[in-house]
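# Residue-level structure breakdown
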Amino acid sequence: MLAVVLLTGGAVLAVRQGTAEPAPSAECAAAEPAVRVDPAAVPEGPVAGYAGEQLANAAAIVNAAADLGLDTCAQVVGVMTAMGESSLRVLDHGDAAGPDSRGLFQQRDNGAWGSYADRMDPTTSATNFFRALQEVPGWRALPPTIAAHRTQRNADPYHYQRWWDDAVEVVGALAGRPVLGAGS
């Protein structure tokens, strides 16, 4: 943003004003650099009701965010969104609202989310989700459910909210430590 200031005597001074990034949402205020997860070392037992393949898919989501240089908040937002869309399963079917939706994020066959193979691959679909999330203006300052909604365009902007705590727990279990200040 450029502001122009007219000084006395006819001189013009151009001043560049930076746009500060808005403060993160309360849920994401304690975000740290992303964690990386060894997919072969996911917890055996259930975490927040998720186990096995679901936790391996959560690990793929977490690692996709880390590969893009995102933080633990983004990782939790990604896991929360996939919980709300597919219960962390790669689904090969849609629903009434999106009969062409596929994968962990139930991404539509509209060209925005890649090919069928992309939507069915946990890492690629997660990467595409995070790239779209990064295009949401001020997403870090939004409540996580609203950031997910603006990325996914779900009919209910608060659809994902109920999975936030479970996603924090799953990402923390995958990281081997609390994330976002949980349990501290």
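Residues numbered from 1 in each chain as written. Predicted model: local features only at pLDDT ≥ 70, side-chain atom pairs only at ≥ 80, totals over all residues. Heavy atoms only, no water.

### Thoughts on the state of the cysteines
Counting across every chain of the model gives one disulfide. Sulfur-sulfur distance for the disulfide between Cys28 and Cys73 comes to 1.8 Å. Note on the Cys28 and Cys73 pair: the S-S dihedral is about 50°, so by sign convention the disulfide is right-handed. With a gap of 45 residues between them, Cys28 in the loop between β2 (12-16) and α1 (53-67) and Cys73 in helix α2 (residues 72-86) connect regions that are remote in the sequence. (Disulfide = S-S within 2.5 Å. Helix = DSSP H or I, 4+ residues; strand = E, 2+ residues; numbered from the N terminus.)

### Comments concerning the packing of aromatic side chains
Evaluated as defined, the whole model comprises two aromatic pairs. Ring geometry for Phe105 and Phe129: centres 4.8 Å apart, planes at 10°, overall stacked. Placement of the pair is Phe105 in the loop between α2 and α3 (116-120) and Phe129 in helix α4 (residues 122-134), with a sequence separation of 24 residues. Phe129 carries the same exposure label as Phe105, and that label is buried. Relative to Phe130, the ring of Phe129 lies with its centre 5.3 Å away and its plane at 70°, an arrangement referred to as edge-to-face. Note on accessibility: Phe129 and Phe130 belong to one class, buried. (Phe/Tyr/Trp six-rings, centres within 6.5 Å; stacked < 30°, edge-to-face > 60°. Buried < 20%, exposed > 50% of the residue type's maximum accessible area, 1.4 Å probe, protein only.)

### Focus on α2
The terminal C-alpha atoms of α2, which comprises 15 residues, lie 21 Å apart, in line with the 21 Å expected from a rise of 1.5 Å per residue. Burial analysis of α2 places 15 of its 15 residues in the buried class, which makes it a mostly covered element. Residue Asp71 occupies the N-cap position of α2, its side-chain oxygen lying 3.1 Å from the main-chain nitrogen of Cys73. Phi turns positive one or two residues past the end of α2, at Ser87, with a value near 55°. (Expected span 1.5 Å × (residues − 1). Polar contact = N/O pair within 3.5 Å; in protein donor to acceptor, adjacent residues only side chain to side chain.)

### Here's the deal with the pattern of salt bridges
In total, this model carries six salt bridges according to the counting rule given. The salt bridge involving Arg102 is made with Asp92; its shortest N-O contact spans 3.4 Å. Within this pair, whereas Arg102 is found in the loop between α2 and α3, its partner Asp92 is found in the loop between α2 and α3, the two being separated by 10 residues in sequence. Linking Asp100 and Arg108 is a salt bridge whose minimum nitrogen-to-oxygen distance equals 2.4 Å. (Salt bridge = Lys/Arg side-chain N within 4 Å of Asp/Glu carboxyl O.)

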